[in-house]
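# Descriptive structure summary
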Amino acid sequence: MPELDNFHTALTSSPKNVVDLSGAEDLKYLAPFIQCHFVFPNAVFGESDAEGRRERAHFLSAKYLRQLIPILKKKLNAIVGFHNLPNQVHRKSVKKGFQFAIMIVGESGLGKSTLINTLFNAPIAPTRDNVTMNRGNTAGDQDAASKTVDIQSFTSDIEENGVRLKLTVIDTPGFGDFINNADAHKPILKSIEERYEHYLDQESRVNRKNMEDNRVHACIYFIAPTGHSLRQLDVQFMKELGHKVNLIPVIAKSDLMTESEVAAFKERILDDIRANNINIYTPEVHENDDPETVQEIKEIIARIPFAIVGSTQTFENPPGSGTHVRGRRYPWGIIEVDNESHCDFVTLRHMLIRTHMEELKEHTNELLYESHRAVKLGERGIDMSSAMNPQKFEEEKRAHEMKMGKMEAEMKAVFQQKVSEKEKKLKQSEEELYARHREMKAQLEQQRLDLEERKRRLLAGGAAPPRTGSSTPKPKGLFNK
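The following paragraphs examine the structure supplied in this document. Quantities reported herein were computed from a predicted structural model and do not represent experimental measurements.

## With respect to the sheet that holds strand 3 (residues 98-105)
Judged by pairing direction, the sheet is mixed, and its six strands sit side by side in the order 4-5-3-6-7-8 without closing on themselves. Looking along the sheet, the strands with just one partner apiece sit at the ends: strand 4 (152-160) and strand 8 (306-307). Relative to strand 5 (residues 163-171), strand 4 runs antiparallel, the two being bridged by nine bridges. Its bridge partner lying in strand 5, Ser153 is registered against Ile170.

Structure below.
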């Protein structure tokens, strides 16, 4: 659009943001959409062309203004106070509290519950040893617990420095323990979709004040430390759930491999992820992020998939120093959980809790859940695309109006036909009634005339007329002389 290009050049080059639009007829109607001052010289606008220019101006404004016209920043003369809006949001959020749901998926014995307890430094998820003790250490119960894909949820209310967090941990005991694991992902996928459905039902209620967000905001998938590549079970699960949840792959018990083996294993995992088009969660770099934040995000991305070690045990390291660290003890030394040179646990915790917890929730709500919601509403006959596309909405509206007009015309034609048929039947019945009425009236009139004739003869003293075909004369009456 040359006129827009000229306008943009004039606007950016004008020192006072004052532009003469006398030579751009289409742009004269952009004044309501442009936040600057204009000088309109006296000009005569033809009414025949005004509507067309206005429509073209609306089109130009919707398509080009956001990209070409800068938003002018105004400097305040004094403090107004809206810089305290983040503090207001902070107070409201602290008062309301936060919710976060995390799912852990992996084979038995990879340390899923231990990692959760290590992340939050609290006994939130029961470990396998605790479950065995509570069940009486019976072989049958252990076999049932380890051979059945189940969905178990644990909710804990934790608090740190006055900030309350309602943490929900969804465990999947028994995943990958079958001989045939082709359908091992289906119960997990069903659980995620059911949580989406529950939230969608809450949105459809009249009262939505106490909505509970039990959607899965992050799914940590534990990869066995084989050192080779992703197995078919891993690829199938990650492909099926990558578009339903924020998938975070981790290498479980990475202390079983050397540093070189871990690096090579990460490369093979990333190659498999790219080859199979698997969606995993990757933090995004935003325009307003400072260089330090950008560098932190790059470091997080560089460590995906995270090689982690989980442990709630503490050891004195070095011995006699009085310093206790969390880790795992080996004959050759201690693997420290909170040491970034030993594993990626600190980076994973930093991303999950300190820097990207709200972003995980936002990504779940605005992308993953919205995709699921659009599909479900489409199945119910509600078209979501028309709500986001005004032009398509208008087309559908016109088509619907035409359809309704056609149906109305057909209904009117059917109604008129039925009315005419009914009128014809009523007219026919009326004619039949009139004919019967005339016939009955004629019969009554004939009877009346006969009676009048007989009465006249009786009063005149005349004898009744003889019957035809009879030779016997009738006797005279009593009063005849």
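## Some words on the pairing of strand 7 (residues 247-251)
Most of strand 7 sits inside the fold, with five of its five residues counted as buried. Here strand 7 shows no split at all, with Leu247, Pro249 and Ile251 on one side and Ile248 and Val250 on the other all buried. In this sheet, strand 7 lies alongside strand 6 (residues 218-223) in parallel orientation, the contact comprising five bridges. Bridge pairing links Phe222 to Val250 in strand 7. Once you follow strand 6 into helix 8 (residues 232-241) and on to strand 7, the crossover reads as right-handed. As paired elements, strand 7 and strand 8 share two bridges and run parallel to each other. What sits directly across from Val250, in strand 8, is Phe306.

## A closer look at the sheet that holds strand 9 (residues 314-316)
Pairing between the strands of a sheet comes from backbone hydrogen bonds, and it takes one of two forms, parallel or antiparallel. Pairing is antiparallel in the open sheet, where three strands are placed in the order 9-10-11. A strand with exactly one partner marks an edge of an open sheet, and here the two such strands are strand 9 and strand 11 (333-336). Each adjacent strand pair in this sheet contributes to an overall mean axis angle of 70°, direction not counted. When strand 10 (residues 324-330) meets strand 11, the two strands line up antiparallel, connected through four bridges. Bridging from a neighbouring strand, Tyr330 pairs with Gly333 of strand 11.

## Focus: the pattern of salt bridges
What the rule picks out here adds up to 20 salt bridges. One salt bridge in this structure joins Lys412 and Glu408, with 3.8 Å as the shortest N-O distance. Of this pair, Lys412 and Glu408 both sit in helix 14 (residues 390-460), four residues apart, which is roughly one turn of that helix. On the accessibility criterion, Glu408 (45% relative accessible area) is partly exposed. Put simply, Glu453 and Arg457 hold a salt bridge, and the shortest N to O gap is 3.1 Å. Here Glu453 and its partner Arg457 are both found in helix 14, four residues apart, which amounts to about one turn of the helix. One network of salt bridges, in which partners are shared, links Glu107, Arg231 and Asp234.

## Brief notes about unusual backbone geometry
In this structure, the amide linkage connecting Ile304 to the following residue, Pro305, adopts the cis form with an omega of -5°. Here Pro305 shows up in the loop between helix 10 (291-302) and strand 8. Backbone geometry places Asn121, a non-glycine residue, at a positive phi of 55°. In this fold, Asn121 is placed in the loop between helix 4 (112-120) and helix 5 (128-134). Among the residues examined, Asn121 registers a relative accessible area of 61% and is labelled exposed. At Asn277, a residue that is not glycine, the phi angle is positive and equals roughly 55°. The residue Asn277 is located in the loop between helix 9 (259-275) and helix 10 in this model.

Reading the values: the criteria
Residues numbered from 1 in each chain as written. Predicted model: local features only at pLDDT ≥ 70, side-chain atom pairs only at ≥ 80, totals over all residues. Heavy atoms only, no water. Pairing = 2+ DSSP bridges. Helix = DSSP H or I, 4+ residues; strand = E, 2+ residues; numbered from the N terminus. Buried < 20%, exposed > 50% of the residue type's maximum accessible area, 1.4 Å probe, protein only. Right-handed = clockwise from strand over helix to strand, strands pointing away. Axes fitted to C-alpha atoms, helices over the stretch in contact; angles between N-to-C directions. Salt bridge = Lys/Arg side-chain N within 4 Å of Asp/Glu carboxyl O.

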